[in-house]
Amino acid sequence: MSWNALTGHREQQGDLRIAELMEDAGRAEAFSVRMDDMVLDYSKTLVDQGARDLLLELAGEAGVTARRDAMFSGQPINETEGRAVLHTALRDPGPSGARVDGQDVLPEVHATLDRMEEFANGLRTGKVRPVNGGRFTDVVNIGIGGSDLGPAMATLALAPWHDGPRLHYVSNVDGAHIHDTLDGLDPKTTLVIVASKTFTTIETMTNADTARRWLVNAIGDDEVGRHFAAVSSAVDKTAQWGIDTSRVFGFADWVGGRYSLWGPVGLGLMIAIGPKPFREMLAGGHDMDAHFRTAEGAENMPLMLALVGIWHRQVCGHPTRAVLPYDQRLSRLPAYLQQLEMESNGKSVAMDGSTLTVPSGPVVWGEPGTNGQHAFYQLIHQGTEVVPCEFLVAARGHEPDLAHQHALLVANCLAQSEALMKGRSLDEARAIMAEAGLTGDELERQARHRVFPGNRPSTTLVYPQLTPRMLGRIIALYEHRVFVEGVVLGINSFDQWGVELGKELAKALAPVLAGETDGADKDPSTRMLVDYVQTTRG
Ligand code: F6P
């Protein structure tokens, strides 16, 4: 019922402009939401009082609150895999937490965290030593998807806290990735973490084999295990692969891969920045959990971020969403959010097996500002497609000597959202051209190129500084946003069947490419491409 009411409301708005809404001096306060010292401003969108009421009604109808409570309490809300969804437990300080099969999950979570801490400290202090003595100078995390994107993004984000061994991330099965990463490293002082929830992912296991050969060549076979650690839910498989159980950090199947940064998958990050900042990040995630569980309606930041997303995608029909961090250290956030949002909500079947009647989640993309301004903002400002933009910016940077650069960064961020909203009319463009000395047809022609339609929506998340705690809050904010969007769409945000078909076909194509089978069953396009590769490589 609310879907129809929402689309009806949007139609009624007609050619309403955000700038008109902004004539209300109280709009910025009324259409922003605060969580402690963070502010999410969604006043530069067409969400007005009526739209917000209807969106909140929609969330109520979808049962977001009940579903949220079911998630936090450990009920198996991942219904297609029969699993609980409890990544929030990884950042829960307790004392007691959710129960799965009647068991409190926290004792195990905290024990693993303590073991991670001991191992990380051992590496950082030199107590955990390489085979030939000395200290580990480098750590290579081999993983892909959720076993890579989260820790890789966070390691970059928290560079100012980086005082441990150097961290490197290898994900792609393309041998170039591991080759170029290991190229500059000394195997005698390098530790490899094999990170895989399933411990079967072809990319990760292939790269792990390559890393083992690289290590064995340098230090021999006998004690190569001392240069490895593993993080996985399949602890039996890590043992079969030859990693000593004392170096294996397990986690339960109720932690989804793309939600796993908070536990053992964050081991590399913990080694890089130290356990204390790592725990601060967990505390930040927990702050956001507490807020999400208690803040009412329009006061709830993840809820509002989700509802604004739904307004733009499902109600207004904008197919993509740009994430634009004005924070160079968040340069991997868009890639991280691509997995979080698109793997979670890129589905066209509802939980009950019926076909979705509204569009699935949007395409998520982006780059840090100001780089994006000199690349794709042209389309965002003047292209035919409206791209809702999500800006993120800190009030303070980490480089006091370069505060003037941070001021420029912030000015650019705020200017972009202003420009997107205001635009520039044909009359304004004509005046600029007249000022430049143009007249007649040429003035008219040139002016038209300089018109900005404006009325392009954006949200801005501002926070004091990118600290471990703030990063934890930001990540948890997006996790819960994805959760709410999934509940409203009625889909399961916690499975990812859509990645399976390609994996199966790749497995079947490998022997065809190797010339072991003929691939006669393949379509003409695939056969032609296989032929090309086979004949070209010789
Ligand atoms: O193929 C998708 C996926 O299953 C992701 O969901 C996951 O994060 C990634 O692969 C890696 O999986 P694993 O951690 O089991 O190696």
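Structure report, in brief. (Residues numbered from 1 in each chain as written. Predicted model: local features only at pLDDT ≥ 70, side-chain atom pairs only at ≥ 80, totals over all residues. Heavy atoms only, no water.)

**Things to note about the sheet that holds strand 5 (residues 138-142)**
Pairing is parallel in the open sheet, where five strands are placed in the order 6-5-7-8-9. Pairing within the sheet leaves two strands with one partner each, and these edge strands are strand 6 (166-170) and strand 9 (248-250). Averaged over all pairs of adjacent strands, the angle between their axes in this sheet comes to 20°, without regard to strand direction. Note: strand 5 against strand 6, five bridges, orientation parallel. Along strand 6, the bridge assignment pairs Val139 with Leu167. (Pairing = 2+ DSSP bridges. Helix = DSSP H or I, 4+ residues; strand = E, 2+ residues; numbered from the N terminus. Axes fitted to C-alpha atoms, helices over the stretch in contact; angles between N-to-C directions.)

**Describing empty space enclosed by the protein**
Across all of its chains, the model carries two cavities of 30 Å³ or more by this definition. Here the largest cavity is characterised by a volume of approximately 70 Å³. Forming the walls of the largest cavity are Val308, Gly309, His312, Arg313, His318, Thr320, Arg321, Pro362, Pro388, Cys389, Glu390 and Thr459. The set of elements that each furnish at least two residues to the lining of the largest cavity consists of helix 13 (301-315), strand 10 (320-326) and strand 12 (389-394). A total of four residues in the lining of the largest cavity trace back to one element, the largest contributor, which is helix 13. (1 Å grid on protein atoms, 1.4 Å probe; cavity = no way out; pocket = protein on both sides within 12 Å on 5 of 7 lines; lining within 4 Å. Points joined across faces, edges and corners; volume = space filled by probe spheres on them.)

**Quick notes on the nonpolar core**
Residues Trp254, Tyr463 and Leu471 are the most contacted members of the largest nonpolar core, which totals 109 residues. No other element matches the twelve residues that helix 19 (residues 468-489) contributes to this core. When residues of this core are sorted by domain, at least three fall in each of domain 1 (3-73 + 280-422 + 457-495) and domain 2 (99-273). Ignoring any residue separated from it by four or fewer positions in sequence, one finds Tyr463 in contact with Asp37, Met38, Asp327, Leu330, Leu392, Val393, Ala394, Ala395, Met470 and Ile474. (Core = buried A, V, L, I, M, F, W, Y, C linked by side-chain atoms within 4.5 Å. Buried < 20%, exposed > 50% of the residue type's maximum accessible area, 1.4 Å probe, protein only. Domains from an automatic or database assignment. Contact = heavy atoms within 4.5 Å.)

**Digging into the side chain of His168**
Mapped onto the elements, His168 comes out in strand 6. Among the polar contacts listed, one links the side chain of His168 to the side chain of Asp138, at a separation of 2.8 Å. When neighbours within four sequence positions are excluded, His168 is seen to be in contact with Asp138, Val139, Val140, Asn141, Thr181 and Leu185. (Polar contact = N/O pair within 3.5 Å; in protein donor to acceptor, adjacent residues only side chain to side chain.)

**Considerations on the pattern of salt bridges**
Applying the stated criterion to the full structure yields 31 salt bridges. Arg124 serves as the salt-bridge partner of Asp163, at 2.8 Å between the closest nitrogen and oxygen. Remark: Arg124 occurs in helix 6 (residues 106-125) and Asp163 occurs in the loop between helix 7 (149-157) and strand 6; sequence separation between them is 39 residues. The partner of Lys503 in a salt bridge is Glu500, with the nearest N and O atoms 3.8 Å apart. (Salt bridge = Lys/Arg side-chain N within 4 Å of Asp/Glu carboxyl O.)

**Describing the layout of surface pockets**
If you add up the space inside the largest pocket, you get close to 1,100 Å³. Taken together, 39 residues line the largest pocket, and the ones lying closest to its centre are Thr198, Thr201, Val499, Glu500 and Lys503. Elements represented by at least two residues in the lining of the largest pocket include exactly helix 9 (202-219), helix 14 (333-345) and helix 20 (500-513). Ranked by the residues each element gives to the lining of the largest pocket, the list is headed by helix 20, at six residues. Residue classes in the lining of the largest pocket are distributed as 13 nonpolar, 15 polar and eleven charged. The space that makes up the second largest pocket amounts to roughly 430 Å³. Ranked by the residues each element gives to the lining of the second largest pocket, the list is headed by helix 16 (residues 403-422), at five residues. When the residues that make up the lining of the second largest pocket are grouped by side-chain class, the tally is five nonpolar, nine polar and four charged. (Nonpolar A, V, L, I, M, F, W, Y, C, P; charged D, E, K, R; others polar.)

**With respect to the site of the ligand**
Every one of the 14 residues lining the ligand counts as a neighbour, but Gly146, Ser147, Ser196, Thr198 and Thr201 are closest to it. Ser147 is positioned such that a nitrogen or oxygen atom in its side chain is 2.7 Å from an oxygen atom of the ligand. Contact between the ligand and Thr198: an oxygen atom at 2.6 Å from a side-chain N or O atom of the residue. Out of a free accessible area of 390 Å², the ligand has 89% covered by protein chains. The pocket occupied by the ligand, as judged from atoms lying within 2 Å of grid points, is the largest pocket. For the shell around the ligand, the class distribution of residues is two nonpolar, nine polar and three charged. (Near = heavy atom within 4 Å. Areas by Shrake-Rupley, 256 points an atom, 1.4 Å probe, with all protein chains shown as cover. Sits in = over half its atoms within 2 Å of the grid points.)

**Considering the pairing of strand 10**
Within strand 10, six of the seven residues are buried, which leaves the element mostly enclosed by the surrounding structure. Relative to strand 11 (residues 363-365), strand 10 runs parallel, the two being bridged by three bridges. When the bridges of strand 11 are listed, Ala322 appears paired with Trp365. Once you follow strand 10 into helix 14 and on to strand 11, the crossover reads as right-handed. Bridge analysis of strand 10 against strand 12 gives five bridges, and the strand direction is parallel. Its bridge partner being in strand 12, Leu324 is matched across the sheet by Phe391. (Right-handed = clockwise from strand over helix to strand, strands pointing away.)

**Remarks on the sheet that holds strand 11**
Strand pairing in a sheet relies on backbone hydrogen bonds, with the paired strands running either antiparallel or parallel. An order of 1-2-13-12-10-11 is seen for the six strands of this open sheet, with the pairing classed as mixed. With partners counted over all chains shown, the strands left at the sheet margins are strand 1 (32-35) and strand 11, one partner each. The sheet shows a mean angle of 15° between the axes of neighbouring strands, taken without regard to direction. Bridge count for strand 12 against strand 13 (residues 458-463) is six bridges, and the pairing is parallel. Each bridged residue has a counterpart across the sheet, and for Val393 the counterpart in strand 13 is Val462. Contacts from helix 14 reach strand 10, strand 11 and strand 12, with the element oriented near 165° to strand 11.

**Quick look at the packing of helix 5 (residues 64-73) against helix 19**
Relative to each other, helix 5 and helix 19 sit at 125°, their axes nearing to 10 Å. One element, helix 5, and the other, helix 19, form an angle in the oblique class. For the pair helix 5 and helix 19, the crossing hand works out as right-handed. Between helix 5 and helix 19, the residues in contact are Val64, Arg67, Arg68, Met71 and Phe72 and His480, Phe483, Val484, Val487 and Val488, respectively. Residues that form the contact of helix 5 with helix 19 fall into these classes: seven nonpolar, one polar and two charged. (Parallel < 35°, antiparallel > 145°, perpendicular 65-115°, else oblique. Left-handed = near helix turned anticlockwise from the far one by under 90°.)

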